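Chain by chain, the residues run as shown.
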Amino acid sequence: MAENGEEKLLAVARHIAKTLGHNESMADDILQIFSTFDGRFSREKLSEDQQPSDDGSGGVAALERALNSLDSQISRFVASDQPIWSDPADSAAFLDAIDELVNLTREWSHASSEKPISACLSRADDMMQQAMFRIEEEFRSLMDHGAESFPVSHRFDESEEEDDVDDGEEDYDDSQIPVAQPLTDYDLIIDALSSATINDLHEITKRMLAAGFDKSCSHVYSGSRREFLEESMSRLGLQKLSIEDVHKMQWQELEDEIDRWIKAANVALRILFPSERRLCDRVFFGFSSAADLSFMEVCRGSTIQLLNFADAVAIGSRSPERLFKVLDVFETMRDLMVEFESVFSDQFCVVLRNEAVTIWKRLGEAVRGIFMELENLIRRDPAKAAVPGGGLHPITRYVMNYLRAACRSRQTLEQVFEESNGVPSKDSTLLTVQMSWIMELLESNLEVKSKVYKDPALSYVFLMNNGRYIVQKVRDGELGVLLGEDWIRKHNAKVKQYQMSYQRSSWNKMIGLLKVDNAAVGMNGLGKAMKEKLKEFNMQFDEVCKAHSTWVVFDEQMREELRTSLARLLLPAYGNFIARFQNLGDIGKNADRYIKYGVEDIEARVNDLFKGTSTARK
């Protein structure tokens with residue numbers, strides 16, 4: 001027993017000399033100092049034990065003695081029922097034993113081809129396996145319990161000192177899992193573990209990597225942190241959905257899910273992932289490759305969950321009503337690209353970063369595809385039943401309100417269309433070209449629909465109403481900025497042209513009845529001709545007023561403009577006609593028998609035009 005103890009003591013002395021001595025000369029000096037304090041540390045004994053004998057048996061014996069000593073220490077810790085890191089002295093001793101085993105293995109690795117040495121090294125490998133198995137458990141325990149005992153709401157400030165948190169001072173519910181809550185302030189970092197725990201994890205990490213167990217270390221670390229992230233995403237309201245699940249959702253349900261996704265994506269990319277990056281870098285400090293790999297393993301699942309949802313939205317239905325939510329997802333991805341680039345900057349995360357860019361571009365394609373579907377919707381809208389009274393067509397309301405709403409995101413839409421392969425014209429952006437094309441399709445569709453009316457005058461009222469509505473919606477919003485003042489002027493002129501066409505088709509013939517050519521009829525036939533013309537005028541005026549009073553002009557200003565224009569055209573001509581008729585001798589004396597309307601009556605009837613029926617006004 002005494003001899004065995006002396007051998008252990010000599011082995012420790014030799015190890016100290018080798019560890020502290022930077023070269024052979026320094027090691028010899030340290031051994032010389034030991035020999036002056038204790039006779040057992042004589043220079044001869046230490047030197048003899050340090051060098052293998054001629055047949056190698058002395059070196060093997062020294063190696064076996066060192067392994068026996070380390071085996072005794074490591075086995076005690078491996079077999080312990082108590083957490084090693086509950087006692088700082090035990091954890092330090094365990095780490096020292098692992099360090100000695102690693103160093104011993106390295107020192108003798110050059111002689112591994114020799115059978116006795118190879119057997120010793122095989123034993124050392126078995127001991128290392130046991131030590132690593134136990135230290136993995138300790139690592140996992142520190143990760144799990146460390147997170148439970150440290151508040152994740154802590155705001156990290158580089159200017160403040162990080163104080164260690166005393167363990168065991170507070171009782172925590174076993175079911176409590178520290179997670180990030182939905183936030184609007186993203187300017188914070190979550191420290192999920194205390195500095196003391198992080199330091200302990202770092203020390204374990206150094207030993208596991210030095211022993212060649214880097215994959216095991218990364219696996220244990222990433223498994224624990226991945227659970228934290230997944231639970232955090234769940235608490236943020238994000239479900240684990242496949243692309244098929246997303247496509248099967250009702251639209252209202254999907255809208256709600258998109259809102260939750262946007263919040264979760266912002267918290268993940270701006271708080272959770274940067275916090276995990278920082279924690280990973282601290283635990284794996286000095287081992288950048290292992291840190292990068294571990295971080296990727298931690299965040300990959302949650303990142304793919306976020307990206308898969310965005311991808312499902314991108315490749316889903318391109319129904320026009322989905323535009324605004326797809327734009328929300330596009331804008332979120334765009335705004336988070338800086339975070340994707342900074343957080344996933346290492347070699348292992350390049351795939352995630354590239355996939356984020358790909359899906360972002362795919363969302364842009366989806367937006368452009370939705371506008372194509374809007375074009376198809378306009379083309380396919382049938383010209384069947386006429387709108388009562390020549391009023392607004394539903395397609396006009398839908399398209400114009402749709403475009404106005406879309407143009408609230410004008411800058412985003414310009415970005416989307418500039419990323420397409422189209423070539424803008426000299427003075428227009430691609431978005432302007434797109435909007436102009438949709439307007440042209442709408443106007444062409446309305447032209448076709450106007451042919452449904454049998455009365456040409458009513459078709460002009462229809463075009464007038466819809467044209468006026470289009471110009472108003474363009475002029476009062478971002479759509480006007482895109483299409484420009486020149487477009488607005490041209491279409492105002494077109495509406496004026498519809499007004500003139502309506503007037504000519506309905507009223508010019510009636511105005512013609514109020515004109516009398518004296519030379520053609522002669523003075524003798526003038527009275528009879530005027531009497532016939534007045535009779536025809538009364539009949540036509542009654543018919544037109546009866547019909548046109550049921551037609552609708554929705555815009556009050558345009559309605560007044562039309563009435564004023566008709567009054568200016570009609571009243572002077574009618575007043576002159578009846579005045580002349582009243583001055584025709586005998587016929588003029590009985591003029592009241594033929595004059596059905598006075599000038600004021602004509603004006604009153606004109607002011608009753610375009611009021612529409614209840615159906616037409618809707």
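Residues numbered from 1 in each chain as written. Predicted model: local features only at pLDDT ≥ 70, side-chain atom pairs only at ≥ 80, totals over all residues. Heavy atoms only, no water.

Student: Is there a simple way to think about the overall build of the protein in this case?
Tutor: Along its length, the protein carries 23 helices and 0 strands. A buried classification covers 47% of the 618 residues belonging to the protein. Of the contacts formed within the protein by residues at least 6 apart in sequence, a portion of 79% connects residues at least 24 apart. By element, 49% of the accessible surface of the protein is carried by carbon and sulfur atoms, the whole surface being about 31400 Å². (Helix = DSSP H or I, 4+ residues; strand = E, 2+ residues; numbered from the N terminus. Buried < 20%, exposed > 50% of the residue type's maximum accessible area, 1.4 Å probe, protein only. Contact = heavy atoms within 4.5 Å. Areas by Shrake-Rupley, 256 points an atom, 1.4 Å probe, with all protein chains shown as cover.)

Student: For this particular structure, what's the right way to read helix α12 (residues 323–335)?
Tutor: Given 3.6 residues per turn, any residue in an α-helix points the same way as the ones three and four places further on. Its 13 residues place the ends of α12 18 Å apart at the C-alpha level, agreeing with the 18 Å of an ideal helix rising 1.5 Å per residue. Those residues of α12 that sit buried are Leu323, Lys325, Val326, Leu327, Val329, Phe330, Glu331, Thr332 and Met333. Residues of α12 that are buried make contact with α10 (251–283), α11 (288–314), α13 (337–343), α14 (350–380), α15 (394–406) and α16 (410–418). (Expected span 1.5 Å × (residues − 1).)

Student: How do you make sense of the pattern of salt bridges when you look at a structure like this?
Tutor: A side chain with one charge may pair with a side chain of the opposite charge, provided their charged atoms come close. A complete count under the given rule lists 33 salt bridges for this structure. Residues glutamate 341 and arginine 353 are paired through a salt bridge, measuring 3.6 Å at the closest nitrogen-oxygen approach. One end of the pair, glutamate 341, is in helix α13; the other, arginine 353, is in helix α14, and 12 residues separate them in sequence. Looking at glutamate 341, the relative accessible area reads 41%, which means it is partly exposed. A relative accessible area of 14% means that arginine 353 is categorised as buried. A salt bridge links lysine 496 to glutamate 561, with the nearest nitrogen and oxygen atoms 3.6 Å apart. Within this pair, whereas lysine 496 is found in helix α19 (residues 478–513), its partner glutamate 561 is found in helix α21 (residues 556–582), the two being separated by 65 residues in sequence. Beyond isolated ion pairs, a larger network of salt bridges with shared partners links Asp99, Glu203, Lys206 and Arg207. (Salt bridge = Lys/Arg side-chain N within 4 Å of Asp/Glu carboxyl O.)

Student: Explain unusual backbone geometry here, please?
Tutor: Glycine aside, a negative phi is what most residues show, and trans is what most peptide bonds show. With a phi close to 65°, phenylalanine 610 is a non-glycine residue in the positive phi region. Along the chain, phenylalanine 610 falls in the segment after α23 (599–607). According to the relative accessible area criterion, phenylalanine 610 is buried, its value standing at 1%.

Student: Sorry if this is basic, but what is going on with the environment of leucine 238 here?
Tutor: With respect to the helices, strands and loops of the structure, leucine 238 is situated in the loop between α8 (214–235) and α9 (243–248). We classify leucine 238 as buried; its relative accessible area is 5%. Dropping the residues within four chain positions of it, leucine 238 is found in contact with Met233, Glu257, Trp261, Ala264, Gln305 and Leu306.

Student: What exactly am I supposed to notice about the packing of aromatic side chains here?
Tutor: What describes a pair of aromatic rings is the distance from one ring centre to the other and the angle between the planes of the rings. In the structure shown here, the tally under the stated rule is 20 aromatic pairs. Considering the side-chain rings of phenylalanine 371 and phenylalanine 417, the 5.5 Å spacing of their centres and the 75° angle between planes classify their relative orientation as edge-to-face. One end of the pair, phenylalanine 371, is in helix α14; the other, phenylalanine 417, is in helix α16, and 46 residues separate them in sequence. For the pair formed by phenylalanine 371 and phenylalanine 417, the shared burial category is buried. Here the aromatic residues Trp507, Phe537, Phe541, Tyr574 and Tyr597 are joined through ring pairs into a cluster of three or more. One cation-aromatic arrangement involves arginine 225 over phenylalanine 228; the distance from NZ or CZ to the ring centre is 4.3 Å. (Phe/Tyr/Trp six-rings, centres within 6.5 Å; stacked < 30°, edge-to-face > 60°. Lys NZ or Arg CZ within 6 Å of the ring centre and 35° of its normal.)

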